[in-house]
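Topology and contacts: notes
What follows is the residue order along each chain.
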Amino acid sequence: MSTTRRQFLKIAGLAAFGLGTSTALDAATADAKDMEGAKYDVGGKHLAAKRWAMVIDTRKLESREDFERIIHACHSIHNVPSIPTKQEIKWIWTDKYDHVFTDDMSQHLSPAVREKDYLLLCNHCENPPCVRVCPTKATFKRADGIVVMDYHRCIGCRFCMAGCPYGARSFNFGDPRPYLKDVNPAFPTRMRGVVEKCTFCSERLEVGLLPACVEASNGAILFGDLDDPNSPVRKALAENFSIRRKPSIGTQPGVYYIV
Amino acid sequence: MYNGKYIIPGIVIFVGLFTFPFWSNLLTPKYERPQLALPAGQKECIEPAEYMRAEHMHILDVWRDQALREGKRAYVASNGKVWDISLQNTCMKCHTNKADFCDKCHNSNSVNPYCWDCHVAPRGNQ
Amino acid sequence: MIEKVLKGSPAFYIWLLFLGGIASLGVFAYIFQLKYGLTITGMSRDVSWGLYISQFTYFVGVAASAVMLVLPAYFHHYKKFKKMIILGEFMAISAVLMCMLFIVTDMGQPQRMLNVILHPTPNSIMFYDMMVLMGYLFINALVGWVTLEAERHDVEPPKWIKFFIYLSVVWAFSIHTVTAFLYAGLPGRHYWLTAIMAARFLSSAFASGPAILLLLVIALRRLTGFDPGREAIQTLTKIITYAMAINVFFFLLEVFTAFYSGMPGHQHPLTFLFVGHDGHASWVVGWMWTAAVLAILSLCLLIPPQFRDNERVLPWALGILVIASWIDKGLGLLIGGFTPNPFETVTIYTPTFPEILVTVGVYAIGLMVLSVLWKIALDVKKEAGTF
C-alpha cells in the first residue's frame, strides 16, 4: 500500500511539475503577441535570383584609384572601420596574385598578371565552411546563395574565421566606433565581439540596388544570377576565361575572376 | 525555546530583508509615467500607440529576424499600410529624439537594450 | 562529504588563499577584457584563436585521460588502480571546468552563450563539443561522488553506477575526438586537415594527462603521505610511455606525409614552426625545437625500465614529457594551423600579458577546484581506512 502511495505521489509530483513548466512557458510566450492582421512581405522593389554571383574583370581594374574607389564605396556605406593594426576589419580589399590564387597555376605567369592587384571579398560559397561550423546559425546561407551574418546572434567564438579558407572574415576585437570617421546613418555599425564580412549588399538588393562595389566599378564588376544563362555574369563567363580562388577544396565560390 | 535570543532577531532580520522590495517601494515616490517627446506632425505610429507601448520590443525582435533572416523587409500593418522594416530608417525617421523618447522610458524602467551599440541614433542626438 | 573542506590544516587554507590570489589577478585581467574586448590579446585577423582555445584543447585531453585509470580498473579488473581512480575522476572534473572557462574567456559576446542551446545547430562541431563536455562533467561528478560515498560507508557502490562508469570510458574518447574534429574538418587549414588528428589528440592526451596526474600524486605523497602503491605508479608510467611513443610516432607520420608528398601547403606550417617561413621566423621556433628535444628525452628516460622504475628519475621524465606535449599541443598546434594564413603569408602571434594573466587565472581556479576535491577524497579515504 505504502509503495503505491509513494508511486502515486511521485507521478503526481512529476505531473504537477510538468503542468507548471508548460503553463509557465505558455505564459512567457503568450504575453508577446503580433498585431492581428499584420503581415511580413518581401518589398516590391527587391531584386531576386536563384544564385547570386559576381564576376570581376581584372583587366578593367588597373590603377590604385579604381580599387580605392570601389573599396571606399563599400566601406563607407557599411560603416567598416579603418583600424591600423593586425586586428583590422575589411570587407573588400586587394592583394597580389600569389596571395589571392595560392595554387601556383603557372610558374612563369606574365609579370603584368603576377604584379597586379586583385580584389578580394567573401566568396559566398555554394558550400560555405563558415556556415557549417557556426554553432548558433549566426552566419547562414540564404536561398539565393548569399552568405549573411546575423550580428545579433553571433557569440564571437570565431570558429567561422578558422573555417573560412579565404580569410574573408574580420572580428571586432574592440569597439569599432572610434575608428569610424563618418558614420552612414542609414546603416548600422557593429559592436565589439562579433564577426563581420561582405554581405553581397543583401540590404541593397532588397530595395532594388546592385551591390555598392558593382556600382562603383564602372562595369569592371558584374553581378547577376548564375542560374540564368542570360544574366550578365553568365554571358561574361561564357565569353571569357575565368578562374576562382582555391577551387580544389570544394567550396564552389560565387566570385569569378576574368584574368 | 533554545537559543531564542539568536533565532528571533535572526528571523526578524530575514523577514526584513525578504520584504525589502515592498517597504522600499512604500518609502520611495510613486512611479510616474515619463513624459516622452512624441514626433511633431505625425499622428499615428505603425500600429496603435497602446500596442506599440506594450509590444515594441516584440515587434523589433520579429522585424530583426524577418528582415535579416527571412529577407522580408516590408511590414504590412494591421491597417494595411506598408512600412520598410528598419529601426534606423523607419522608426527613427519619426522618433528623432532618442534621448527623450527611447532613453527616458528605458531609464526610468531600468532597462538597457543594446540596440545602439550597433544601430546609429539619429544625428544631432548623440 | 563537502564538510571535509571546512576542516583542514592552515597550510591547506594558505594554499587555497594563494591560488585565490592568482585567480583574482586573472579575474581582474578578464574584467579588462570584458570592458575593452579581445583587443587586449595578441590575436589578430589572421590568427583569430590564441592561447585560450589552445589551452582549452590541451585540458580536454587532460580531462579525457582519467579513462587511462578507469579502463584498466573496470574493464580489466586491475585492482591496483582502484585506490587512485577517484583522483583521476576529480582531476577530470577540474580539467573540464577549466575547458569551459577557457571557452567563455575566448568568446567575444559571452553573455550570448546560451544561443548555442537556444539555436541548436547539429552541423556545428562546437554544438557537440558543448554537449559532450557537459556530459563528461556530469558523469565524472556522479561517478566520483557515488563511489566515494560508497567507500566512506564501506559498502559496494550501487550496481547502476557501473553503467555510468562504462559510459564514462566511451565518453572520454568522444570528448577528445570531438575536440579534434573542431580542427580536422576545416578545408583551408593544412596543418589541421589530417585524418589522424583525433588519434594524435588521444595519444598526446593519454601521455600528458596521466603524467600530470602522476606528478601531482607524487607531490601529494610527499605532502600527505598518501601512497597509491608502487605497482600502480609503474603501470601508469608504462601507459604513459606507450602513449608518448605513439604520440611522437604520429607526429613523425605528419612530417613524412608533408615532406615526402612535397605538397607546399602541407609543408609550410611545419617549416614555419621549426625554421620559419617566407623569411618570417617567430619566437615559436625555439619553443618547437625545445619540445622536439624534450619529447625524445622523455622517451629516453621512460623506455628503459631502470630509469622508468627509478622514482628519482621518474618525476623529471614526466615533467619533461608534460612540457614537450604542452608546447606541441598547447602552442604549436594552434599557431601552425593559423600560420601561414589563407593568403600563404605570415602573421606572427604572440600572447600578451593580460592574455597570459587570464590563462594563469584559469589554471589557478582549476587547481583550486582540484585541491578541494582531492582534499575531500583523501579525508574520506583516511576515515574509511583506505588511505
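Conventions we followed
- Residues numbered from 1 in each chain as written.
- Chains lettered and ligands numbered in written order.
- Predicted model: local features only at pLDDT ≥ 70, side-chain atom pairs only at ≥ 80, totals over all residues.
- Heavy atoms only, no water.
- Helix = DSSP H or I, 4+ residues; strand = E, 2+ residues; numbered from the N terminus.
- Rg over C-alpha atoms; globule rule 2.2 N^0.38 Å.
- Buried < 20%, exposed > 50% of the residue type's maximum accessible area, 1.4 Å probe, protein only.
- Areas by Shrake-Rupley, 256 points an atom, 1.4 Å probe, with all protein chains shown as cover.
- Lys, Arg positive; Asp, Glu negative; His and termini not counted.
- Charge placed at Lys NZ, Arg CZ, Asp CG, Glu CD.
- Pairing = 2+ DSSP bridges.
- Contact = heavy atoms within 4.5 Å.
- Axes fitted to C-alpha atoms, helices over the stretch in contact; angles between N-to-C directions.
- Parallel < 35°, antiparallel > 145°, perpendicular 65-115°, else oblique.
- Left-handed = near helix turned anticlockwise from the far one by under 90°.
- Nonpolar A, V, L, I, M, F, W, Y, C, P; charged D, E, K, R; others polar.
- Phe/Tyr/Trp six-rings, centres within 6.5 Å; stacked < 30°, edge-to-face > 60°.
- Core = buried A, V, L, I, M, F, W, Y, C linked by side-chain atoms within 4.5 Å.
- Domains from an automatic or database assignment.
- Buried area = accessible area lost by both parts, 1.4 Å probe.

Let's talk about the overall build of chain C
Along the backbone of chain C there are 14 helices and zero strands. Secondary structure elements of chain C, listed N to C terminal, follow the sequence α-α-α-α-α-α-α-α-α-α-α-α-α-α. The C-alpha radius of gyration computed for chain C amounts to 21 Å, which stays within 12% of the reference 21 Å derived for 387 residues, consistent with globular compactness. A burial count over chain C gives 58% of its 387 residues as buried. Accessible area for chain C stands at about 15,800 Å²; split by element, carbon and sulfur atoms hold 74% of it. Placing the 24 positive and 20 negative side-chain charges of chain C at their respective mean positions leaves the two points 5 Å apart.

Some remarks on the sheet that holds strand β2 (residues 52–57) of chain A
All names here are of chain A. Judged by pairing direction, the sheet is mixed, and its four strands sit side by side in the order β9-β2-β11-β10 without closing on themselves. Edge positions in the open sheet fall to β9 (221–225) and β10 (242–243), since each of these has one partner strand only. When β10 meets strand β11 (residues 255–258), the two strands line up antiparallel, connected through two bridges. By the bridge assignment for β11, I243 is matched with Y257. Set on the sheet, helix α9 (residues 232–239) makes contact with β2, β9, β10 and β11; between it and β9 the angle comes to about 115°.

Quick notes on the sheet that holds strand β2 (residues 82–84) of chain B
Taking strand neighbours across the sheet as the criterion, the three strands line up as β1(A)-β1(B)-β2(B) in an open arrangement whose pairing is antiparallel. Looking at the sheet topology across the chains shown, the edges are occupied by β1 (39–41) of chain A together with β2 of chain B. Averaged over all adjacent pairs, the angle separating strand axes in this sheet is 30°, with direction ignored. Sheet topology note: the strand β1 (residues 74–76) of chain B/β2 of chain B ladder contains three bridges and is antiparallel. Paired with A74 of chain B across the two strands is D84 of chain B, which belongs to β2 of chain B. In the packing of helix α3 (residues 49–69) of chain B onto the sheet, contacts are made with β1 of chain A together with β1 and β2 of chain B, and the angle to β1 of chain A comes to roughly 25°.

Quick word on the packing of helix α3 (residues 67–75) of chain C against helix α4 (residues 85–106) of chain C
Residues and elements named next belong to chain C. At a closest axis distance of 9 Å, the pairing of α3 and α4 adopts a crossing angle of 140°. On the basis of their axis angle, the class for α3 and α4 is oblique. Seen from above, α3 lies across α4 with left-handed handedness. Seen from α3, the contacting residues are L69, V70, A73 and Y74; seen from α4, they are I85, G88 and E89. Of the residues belonging to the contact of α3 with α4, the class tally is five nonpolar, one polar and one charged.

So, the packing of aromatic side chains
Centre distance and the angle of the planes are the two values used to describe a pair of aromatic rings. The tally for this structure, following the rule as stated, stands at 39 aromatic pairs over all chains. Ring centres 5.1 Å apart and planes at 45° place the aromatic pair Y97 of chain A and F101 of chain A in the tilted group. Here the two residues Y97 of chain A and F101 of chain A agree in accessibility, since each one is buried. Ring geometry for F274 of chain C and W289 of chain C: centres 5.2 Å apart, planes at 80°, overall edge-to-face. A residue pair is termed long-range when its members are at least 10 positions apart, and F274 of chain C in helix α10 (residues 264–274) and W289 of chain C in helix α11 (residues 284–302) qualify at 15 residues.

Some remarks on the environment of L357 of chain C
All names here are of chain C. Along the chain, L357 falls in helix α14 (residues 353–384). Taking the relative accessible area as the measure of exposure, L357 reaches 21% and is therefore partly exposed. Considering only alpha carbons, one finds L357 and I161, 196 residues apart in sequence, at a separation of 40 Å. Ignoring any residue separated from it by four or fewer positions in sequence, one finds L357 in contact with L25, G26 and A29.

Notes on the pairing of β2 of chain A
Residues and elements named next belong to chain A. A large share of β2 lies buried, amounting to six of its six residues. Burial of the side chains of β2 extends over both faces: W52, M54 and I56 are buried on one face and A53, V55 and D57 on the other. Bridge analysis of β2 against β9 gives five bridges, and the strand direction is antiparallel. For W52, the partnering residue across the bridge sits in β9 and is D225. In this structure, β2 lies alongside β11, joined through four bridges in parallel fashion. Bridge pairing in β11 places I56 opposite Y257.

Quick look at the nonpolar core
Of all hydrophobic cores here, the largest spans 196 residues; its most connected members are M54 of chain A together with L87, Y183 and W192 of chain C. For this core, the element with the highest residue contribution is helix α8 (residues 197–224) of chain C, accounting for 14 residues. With near-sequence residues (within four places) excluded, L87 of chain C lies in contact with L213, V217, L220, F226, W374 and A377 of chain C. With 12 residues, the next largest nonpolar core counts I46, A67, A77 and W83 of chain B among its residues.

Side note on the domain arrangement of chain B
Residue and element names in this part refer to chain B. Here chain B is partitioned into domain 1 (49–85) and domain 2 (86–126). Each of domain 1 and domain 2 was reduced to a C-alpha centroid, and the two centroids are 16 Å apart. Facing six residues of domain 1, the contacting portion of domain 2 comprises five residues. Interface area, domain 1 with domain 2, both sides summed: about 390 Å², of which 66% is carbon and sulfur.

Overview of the packing of helix α1 (residues 4–18) of chain B against helix α2 (residues 20–27) of chain B
Residues and elements named next belong to chain B. Look at α1 against α2: their axes get within 5 Å of each other, and the N-to-C directions meet at 60°. When the axis of α1 is compared with that of α2, the two are oblique. Taken together, the residues of α2 that come into contact with α1 (itself represented by G16, L17 and F18) are F20, P21 and W23. Residues belonging to the contact of α1 with α2 are distributed by class as follows: five nonpolar, one polar and no charged.

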